[in-house]
Amino acid sequence: MAGADASRRPGRLGVGIVGAGRVGSVLGAALRSAGHAVVGVSAVSEASRERAESLLPGVPVLEVPDIVERAELVLLAVPDDALPELVEGLARLDAWQAGQLVVHTSGRYGTSVLAPARAAGAIPLAIHPAMTFTGMSLDLGRLPDSMFGITAASAVLPIAQALVVEMGAEPVVIEEESRALYHAALAHASNHLVTIAAQSAQLLADLGVQHPDRMLGPLMKASLENALSSGEGALTGPVARGDAGTVRAHRAALEAHDAPDTRQAYLGMARATALRALERGLLSPGQGEAILAALADLPGAGGPVPPHGASGPPS
């Protein structure tokens, strides 16, 4: 492990991991490989204990206050909704220490959520990996291809950047007031992709397709690669072609099938696709009107086609 040589370098820290979930255990292992000493980890569930044992062998499993007491850098890798209460609770216990680095991995929050720690003299940093984790060692190999959204005061921003670089990733500064929108963008791209894949696989399975993943895999991978390389110029399909008849057929088939969540998702995404295609001139006004009518609640009630560059008719 790289930590053997790196530990001789100056600037190595004693790191405490609060939350041995998929993110915390992997980032803890990455920091350890960079030469930092992981002095303790909290792990409540059996799965967390197994991850800690696998990715952080030899690191003691401790109570959270004990981890904070021992660590020069505390990594808070807990669910977003649990973070404020955790930080405030530790402040009530007078656990935070002056000069201690307190780092959270939440995408939603910047550093304001760490105000109780800052009030005790700690240094707050937000570093969020824009990556999905399995909680296994293979995640470590994905870090060099990933980016982290980081937020910190300008005086300590280089510390956050250095930590991310040490883990092999690329830091990107996100302003405090932009964190929620930043996180929404990532969740929309990642979480909803999973939902779309699951919904499409279910439809195929309902039709008797034995291996829907094998049918969808090449299509979805190619679509994602094309979208990332060519943007909306890669758009294909009936909406992009202005094929309102096919869109109506899709809608009728989905309405006849017992999958209301899939139908709603299809209609919503098709409408968004049509509006974006109109804004970019990929559809003519006549084509756009026909597509929106096919997607509207009542036949022919698609509403006026928005002018080029407009945000579209109200939903």
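Check the entry above for the structure.
Criteria and cut-off values
Residues numbered from 1 in each chain as written. Predicted model: local features only at pLDDT ≥ 70, side-chain atom pairs only at ≥ 80, totals over all residues. Heavy atoms only, no water. Pairing = 2+ DSSP bridges. Helix = DSSP H or I, 4+ residues; strand = E, 2+ residues; numbered from the N terminus. Axes fitted to C-alpha atoms, helices over the stretch in contact; angles between N-to-C directions. Contact = heavy atoms within 4.5 Å. Buried < 20%, exposed > 50% of the residue type's maximum accessible area, 1.4 Å probe, protein only. Salt bridge = Lys/Arg side-chain N within 4 Å of Asp/Glu carboxyl O. Core = buried A, V, L, I, M, F, W, Y, C linked by side-chain atoms within 4.5 Å. Parallel < 35°, antiparallel > 145°, perpendicular 65-115°, else oblique. Left-handed = near helix turned anticlockwise from the far one by under 90°. Expected span 1.5 Å × (residues − 1). Bend = angle between axes of the 7 residues up to and from the residue.

Draft legend 1. The arrangement of the sheet that holds strand β3 (residues 73–76) in detail. Taken together, the seven strands give an open sheet; going across it, the order is β2-β1-β3-β4-β5-β6-β7, and neighbouring strands pair in mixed fashion. Each end of this open sheet is capped by a strand with a single partner; those strands are β2 (37–42) and β7 (170–173). Across the sheet, the mean angle separating the axes of adjacent strands is 25 degrees when strand polarity is ignored. Taken together, the four bridges between β3 and strand β4 (residues 101–104) define a ladder with parallel strand orientation. Opposite L75, over in β4, you have V103 as the bridge partner. The strands touched by helix α9 (residues 179–206) are β4, β5 (123–129) and β6 (147–151); relative to β5, the strand with the most contacts, the crossing angle is about 20 degrees.

Draft legend 2. Structural detail: helix α14 (residues 285–295). Along α14, the residues that are buried comprise G288, I291, L292, A293, A294 and L295. Looking at the buried side of α14, the elements it contacts are α11 (238–241), α12 (244–256) and α13 (260–279).

Draft legend 3. Inspection of the environment of L125 at higher detail. Along the chain, the position of L125 falls in strand β5. The exposure class assigned to L125 is buried, which follows from its relative accessible area of 0%. Remark: the alpha-carbon pair of L125 and A30, spanning 95 residues in sequence, is separated by 17 Å. In contact with L125, not counting residues within four places along its chain, are L101, V102, V103, H104, T111, L114, T151, A152, V156, I159, A160 and L163.

Draft legend 4. Focus on the pattern of salt bridges. One pass over the full model with this rule turns up seven salt bridges. A salt bridge links E232 to R280; the nearest nitrogen and oxygen atoms lie 2.5 Å apart. In this pair, E232 is assigned in the loop between α10 (212–230) and α11 and R280 in the loop between α13 and α14, connecting sequence segments 48 residues apart. For E255, the salt bridge identified is with R251, shortest N-O distance 2.9 Å. Placement of the pair is E255 and R251 together in helix α12, with a separation of four residues, close to one helical turn. Taken together, the shared-partner salt bridges connect E232, R276, E279 and R280 into one network.

Draft legend 5. Representation of the nonpolar core within the structure. Counting 34 residues, the largest nonpolar core has L73, L125, I127 and F148 as its most contacted members. Per-element tally for this core: the top contributor is helix α2 (residues 22–33), with five residues. Excluding residues within four positions of it along the chain, L73 makes contact with L13, G14, V15, G16, L101, V103 and L163. With 20 residues, the next largest nonpolar core counts V68, L76, A95 and A122 among its residues.

Draft legend 6. Structural view of the side chain of T105. Within the fold, T105 resides in the loop between β4 and α6 (115–119). Here T105 falls in the buried class, since its relative accessible area comes to 9%. Not counting chain neighbours up to four residues away, the residues in contact with T105 comprise V23, L27, L75, L76, A77, I127, H128 and P129.

Draft legend 7. Local environment of unusual backbone geometry. Its identity is not glycine, yet D94 carries a phi of approximately 55 degrees, on the positive side. Mapped onto the fold, D94 is located in the loop between α5 (83–92) and β4. Classification of D94 by relative accessible area gives exposed; the value is 66%.

Draft legend 8. Highlighting the pairing of β6. Across the five residues of β6, four count as buried, placing the element largely inside the fold. Two elements, β5 and β6, share four bridges in a ladder whose sense is antiparallel. Its bridge partner being in β6, A126 is matched across the sheet by T151. Two strands pair when backbone bridges link them, and β6 and β7 are joined in this way by four bridges, in the parallel orientation. What sits directly across from I150, in β7, is V173.

Draft legend 9. Broad picture of the packing of α12 against α13. Where α12 meets α13, the axes come as close as 9 Å, and the angle between the chain directions of the two elements is 160 degrees. By the angle class used here, α12 and α13 are roughly antiparallel. When you trace α12 past α13, the crossing you get is left-handed. Taken together, the residues of α13 that come into contact with α12 (itself represented by V247, H250, R251, L254 and E255) are T262, R263, Y266 and L267.

Draft legend 10. Spotlight on α9. An ideal rise of 1.5 Å per residue puts 40 Å on 28 residues; α9 measures up with 40 Å between its terminal C-alpha atoms. By the largest-angle criterion, A187 marks the main kink of α9, which is about 30 degrees. Within the sequence span of α9, burial applies to R179, Y182, Q199, A201 and L204. Note on α9: the residue one or two positions beyond its end, G208, has a positive phi of about 100 degrees.

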